[in-house]
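# Residue-level structural notes
Below are the chains, spelled out letter by letter.
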Amino acid sequence: MAETYSGEFYCVKCKEKVTTTGEVVLSAAGRRTAKATCPACSTKLTRFLPKG
């Protein structure tokens, strides 16, 4: 089962912070990122997570 992240993301299209749940993935550069979609406008959201 994939790791999930629940918290705030910034939506560039809505220009506000939204709270949602996303899947944690490893970026090409090796950083942990959380990816989700905005519940209001369906834009893809990305949040960089701390090492851990």
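The structure this text deals with has already been given above.
Residues numbered from 1 in each chain as written. Predicted model: local features only at pLDDT ≥ 70, side-chain atom pairs only at ≥ 80, totals over all residues. Heavy atoms only, no water.

## Re unusual backbone geometry
When glycine is set aside, most residues are seen to have a negative phi, and most peptide bonds are trans. With phi around 60°, Lys15 is a residue other than glycine that occupies positive phi space. For Lys15, the position within the fold is in the loop between strand E1 (4-11) and strand E2 (16-26). Although it is not a glycine, Ser42 adopts a positive phi angle of roughly 65°. If you trace the backbone, Ser42 turns up in the loop between strand E3 (32-37) and strand E4 (44-48). The exposure class assigned to Ser42 is exposed, which follows from its relative accessible area of 57%. (Helix = DSSP H or I, 4+ residues; strand = E, 2+ residues; numbered from the N terminus. Buried < 20%, exposed > 50% of the residue type's maximum accessible area, 1.4 Å probe, protein only.)

## As for the side chain of Thr20
Position of Thr20 relative to the elements: it lies in strand E2. Residue class for Thr20 comes out buried when judged on its relative accessible area of 17%. If we ignore the near neighbours within four places in the chain, the residues touching Thr20 are Tyr5, Ser6, Gly7, Phe9, Ala36, Thr37, Pro39 and Leu45. (Contact = heavy atoms within 4.5 Å.)

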